[in-house]
Amino acid sequence: MRDINLPLPVARALLGPIFRVSLNARLPWRMQRLLLDLGSRAQFVPSGTTVHRLRLGGRPAERITAGSARPNLSAGAVLYLHGGGYAVGSLATHRSLAARLAHETGCAVYVLDYRLAPEHPFPAGLEDAEAAFMELVGNIGYRPEQVALSGDSAGGGLSLATAQRLIAEHGYTPAALGLIAPWVDPNQAPDKFRDLVINRAWSRACAAAYLGDGDGKDAGYAPLHGELRGLPPTYVQVDISELLHSQCVEFVTALRAAGVHVSFTESKGLWHVAQLQAALVGPAAAALTELADFLRKAVQPVSIRDLG
């Protein structure tokens with residue numbers, strides 16, 4: 001199915017009510033998950049996509065490739081951690097985004113169904129992400145520097161926390177971090193009531209559900225305050241209208257102070273993780289293409305064309 005390039009005002013008018021209903025702190029988590037999974041059917045998967053179900057680190061996952069079901073290990077891989085406040089989101093909600101990354105990077109994209117709060121609070125999701133990366137290296141055959149970590153919102157924060165843990169406990173530095181509006185400190189309350197997608201009440205409910213009985217000062221929970229030195233090249237995308245915009249600016253500033261190579265893009269007129277609607281909105285597709293280009297160069301630093 002071909003992409004639909006909706007005008008931004010039309011897209012915003014259509015999506016706003018959907019998110020107000022589905023991401024509502026008064027709704028049970030299971031209902032929110034169901035509504036998001038149903039809505040994901042409008043996010044088209046590119047033709048020629050192969051989705052292979054497997055398990056990574058003991059959790060369900062999908063390996064998404066363009067064309068052949070067999071991944072080329074030499075092309076590298078992306079481990080994608082979906083967003084959703086650590087409480088919602090699934091393989092279904094992010095399949096379209098991951099498939100587009102697979103087509104545009106030329107490598108396999110592994111999407112992990114990590115455990116969600118409140119049933120499984122911190123550090124369950126972090127443990128799952130760590131185990132998935134270790135299996136990609138230990139059993140599937142990738143080298144650590146061939147695997148990039150990528151994620152959006154809570155999945156972006158989880159990607160950062162995973163990279164920090166891999167470096168500190170295993171001496172493994174991923175190829176890169178590709179982060180879409182990463183939520184790197186759930187302790188911070190947004191300074192605005194809502195953006196098009198998320199609202200303060202829902203955000204605080206997610207933060208509390210994820211923390212459970214844990215320590216909010218733990219760097220695994222709030223990786224903004226963990227060790228940033230030694231992280232791989234990092235790309236951060238965020239829209240200026242988002243509740244997380246100021247936190248992303250703070251994060252990028254801290255990365256640069258720590259000597260991390262950072263690329264930072266601030267869009268105007270999009271919304272929180274608009275890349276999920278890349279099949280519907282041209283500027284969102286363009287932003288996702290920029291992320292894919294960054295990830296491709298990270299996991300494939302020297303291409304055949306470069307060698308002549």
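Residues numbered from 1 in each chain as written. Predicted model: local features only at pLDDT ≥ 70, side-chain atom pairs only at ≥ 80, totals over all residues. Heavy atoms only, no water.

**Digging into helix α4 (residues 124–140)**
Between its first and last C-alpha, α4 extends 23 Å over 17 residues, near the 24 Å set by a 1.5 Å rise per residue. Those residues of α4 that are buried are in contact with β1 (49–56), β2 (59–66), β3 (77–81), β4 (108–112), β5 (147–152) and α5 (154–170). One or two steps after α4, the chain reaches G141, where phi turns positive at roughly 110°. (Helix = DSSP H or I, 4+ residues; strand = E, 2+ residues; numbered from the N terminus. Expected span 1.5 Å × (residues − 1). Contact = heavy atoms within 4.5 Å.)

**Focus on the layout of surface pockets**
Its volume calculated, the largest pocket comes out at about 480 Å³. Together, 31 residues line the largest pocket, and F19, L36, Q43, L276 and Q277 are the ones closest to its centre. Looking at the lining of the largest pocket, the elements with two or more residues in it are α1 (8–22) and α2 (29–39). Of all the elements, α1 adds the most residues to the lining of the largest pocket, at six residues. (1 Å grid on protein atoms, 1.4 Å probe; cavity = no way out; pocket = protein on both sides within 12 Å on 5 of 7 lines; lining within 4 Å. Points joined across faces, edges and corners; volume = space filled by probe spheres on them.)

**Digging into the nonpolar core**
Residues L56, L79, Y110, L112, F251 and W271 are the most contacted members of the largest nonpolar core, which totals 74 residues. Discounting residues that sit within four places of it in the chain, W271 has contacts with L8, A11, R12, L15, L196, V197, D239, S241, E242, Q277 and V281. The next biggest cluster of nonpolar side chains, apart from the first, holds 28 residues, and it includes A98, V111, Y235 and A278. (Core = buried A, V, L, I, M, F, W, Y, C linked by side-chain atoms within 4.5 Å. Buried < 20%, exposed > 50% of the residue type's maximum accessible area, 1.4 Å probe, protein only.)

**Overview of the pairing of strand β7 (residues 234–239)**
Among the six residues that make up β7, six are buried, leaving the element largely enclosed by the rest of the structure. Neither face of β7 is exposed, since T234, V236 and V238 on one face and Y235, Q237 and D239 on the opposite face are all buried. Here strand β6 (residues 177–180) pairs with β7 via four bridges, running parallel. Looking across to β7, one finds that L177 is bridged to T234. (Pairing = 2+ DSSP bridges.)

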